[in-house]
Amino acid sequence: MYSEKVMEHFSNPHNAGIIENADGIGEVGNPVCGDMMAFYIKVKDDKLADVKFKTFGCVAAIAVSNIVSEMAKGKTLQEAKSITKKNVAKALDGLPKEKMHCSNLGAKALAEAIKDYEKKKYG
Amino acid sequence: MKSVYMDHASATPVREQVIEAMLPYFDQHFGNPSTVYDMGLKIKQVIEEQRAKVAKLIGAKPQEIIFTSSGAESNNLAIKGVALARQKKGRHIIISAIEHHSVLNSARFFERMDFEVTFLPVDEYGLVDPERLSRAIRSDTILVSIMHANNEIGTIQPISELSAICREKDVLFHTDAVASVGNIPVDVNELNVDLLSLSGVSIGAPKGIGALYFRDNLRLMPLIHGGIQESGRRGGTENVPYIVGLGKASVLAVEELFDKMNHLEKLRSLIISGVRERIEHVKLTGHPDKRLPGHASFCIEAIEGEALIYMLNQHGIYSNTGSACASKALKTSPVLVAIGTPPDLAQGSIVFTMDSSNKVEEIEYVLVKLYLAVEKLRSLSPLWRSKEGI
């Protein structure tokens, strides 16, 4: 059902965790609908110096979170904002059709974290 | 890698003796049982012998058994066969809220044909209240269908109590016994039922064979019209090798039942107490005592079942879940909903169903791997963080 890439990220989600005193936090989903993700970012010189996450959800949700954190790390905020559901799924060598929307929330959670950072910084 | 199969409610391996018994009926004794030469007559007699074996498994008479293709077909034939045969008497059917999809969707099919269906709620353990059943029966009620044991939560219903109410009010009673036959004693007279479904896949016969018990000469409209096979109640040339397989599996099930129950009760108690000791914030789903001997099911807080299944799978452990994320339709199991499980807790569902082949050492292995998998998933979960109050 899942690609090798998905299983790899699910089995070793090395960016999982929280960042104390994060510059931005983004939370999406809720436990009632099945998946919930929280993204934490540290920003330095307009770049994502560190990205971590916590995820409650299925194999796809965990793999999505990890690959999004990997894709985002080191990127400028502008570049990170261009990460979409579609290129996340592509980077994972595809997701099952029914998982495409409900579990593929990583990009949204990251965008929320960036928004949170920008709001704090620019008001 | 070590392999521990703990999903016997989904399928059981076909027993070696069953395969051996079946093999000659593919190429040596291949004749059509409806033919009149000795070859066909002999096969016809073999089928009748198997019918007697299946009947013995559930305390029925041979002529009260119809061979079908599956438990699902048996359930369809029971509901549709009775509803179609009795529709002039009434158009009201009662089923429980935790029935298998083959019962549920057969009932819903009649809802679209101007029948009325009452879905009886269950309590937090999955039990139907006899009082409630009694109140739900009307003058136009023709059939009540309540499953014997539930495959997802293991709860065993007080069938004889429920069927007595129906008998008194002259309403037919069907029970889906796919999960219970071969795991606990099942006797149609003690249960006092009019119809009962069973399946080969849960007792070491192959997938693709089942049976329906129907009391005496109960009128039943066939689903498959054809020749006079199965006394006109199911057309189509009989699936002889599979019928032989079901017959053999039935004999073994009778012989082994009590040893199997003792063994499974031991395993069940090990896994339930082990989970409770090692993992905090876990709920046992289903009834604590009135449950199938080899059935242990839980909801584990702050994690999701599909991820847990995959993680256990990486250690060779096979189990099941009612989590929404594991279903194609992304819906929580209706059984977990019916017993009042909150949606987020239902996500953490895990079900272990065991058989004679499972060993005590395997339980310890499963408990260790389960603990580690839960720890890992909880370390990833934002819900667990909030639970710890950090």
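Placed above this text is the structure.
Residues numbered from 1 in each chain as written. Chains lettered and ligands numbered in written order. Predicted model: local features only at pLDDT ≥ 70, side-chain atom pairs only at ≥ 80, totals over all residues. Heavy atoms only, no water.

A. Fine view of the overall build of chain B. Within chain B, the regular secondary structure consists of 14 helices and 12 strands. A globule of 390 residues ought to have a C-alpha radius of gyration of about 21 Å, and chain B, at 22 Å, matches this closely. Counting only C-alpha atoms, chain B reaches 75 × 50 × 35 Å along its principal axes. Burial statistics for chain B: of 390 residues in total, 56% are counted as buried. Here the analysis covers contacts within chain B between residues at least 6 apart in sequence; of these, 74% occur between residues at least 24 apart. In the structure as shown, chain B presents an accessible area of about 16200 Å², 53% of it carried by carbon and sulfur atoms. Looking at charge distribution, chain B has the averaged site of its 42 positive side-chain charges lying 3 Å from that of its 46 negative ones. (Helix = DSSP H or I, 4+ residues; strand = E, 2+ residues; numbered from the N terminus. Rg over C-alpha atoms; globule rule 2.2 N^0.38 Å. Buried < 20%, exposed > 50% of the residue type's maximum accessible area, 1.4 Å probe, protein only. Contact = heavy atoms within 4.5 Å. Areas by Shrake-Rupley, 256 points an atom, 1.4 Å probe, with all protein chains shown as cover. Lys, Arg positive; Asp, Glu negative; His and termini not counted. Charge placed at Lys NZ, Arg CZ, Asp CG, Glu CD.)

B. Focus on a negative patch on the surface. Residues and elements named next belong to chain A. A cluster of acidic side chains, namely Glu4, Glu8, Glu70 and Asp93, defines a negative patch on the protein surface. Take Asp93: it is sitting in the loop between helix H4 (85-91) and helix H5 (99-102). On the basis of relative accessible area, Asp93 is assigned to the exposed category, the value being 55%. (Patch = residues over 30% accessible without salt bridge, like charges linked within 9 Å, V, L, I, M, F, W, Y side chains within 5 Å. Salt bridge = Lys/Arg side-chain N within 4 Å of Asp/Glu carboxyl O.)

C. Representation of the sheet that holds strand E2 (residues 36-44) of chain A. Residues and elements named next belong to chain A. Taken together, three strands build an open sheet; the order of strands is E1-E2-E3 and the sheet is antiparallel. Unpaired on one side and paired on the other, strand E1 (24-29) and strand E3 (47-56) mark the two borders of the sheet. Taking the axes of each pair of neighbouring strands and ignoring which way they run, one obtains an average angle of 15° across the sheet. Relative to E3, E2 runs antiparallel, the two being bridged by nine bridges. Looking across to E3, one finds that Lys42 is bridged to Asp50. In this fold helix H6 (residues 106-122) packs onto E1, E2 and E3, with an angle of close to 140° to the strand it touches most, E1. (Pairing = 2+ DSSP bridges. Axes fitted to C-alpha atoms, helices over the stretch in contact; angles between N-to-C directions.)

D. Structural context of the packing of helix H1 (residues 4-11) of chain A against helix H2 (residues 59-72) of chain A. All names here are of chain A. At their nearest, the axes of H1 and H2 sit 8 Å apart, and the two run at 85° to each other. Classified by the interaxial angle, the pair formed by H1 and H2 is roughly perpendicular. Residues Val6, Met7, His9 and Phe10 of H1 touch H2, and the partners they reach there are Val59, Ile62, Ala63, Asn66, Ile67 and Glu70. Along the lines of polarity and charge, the residues of the contact of H1 with H2 split into seven nonpolar, two polar and one charged. (Parallel < 35°, antiparallel > 145°, perpendicular 65-115°, else oblique. Nonpolar A, V, L, I, M, F, W, Y, C, P; charged D, E, K, R; others polar.)

E. Expanded view of the side chain of Ser65 of chain A. Positionally, Ser65 of chain A belongs in helix H2. On the basis of relative accessible area, Ser65 of chain A is assigned to the buried category, the value being 0%.

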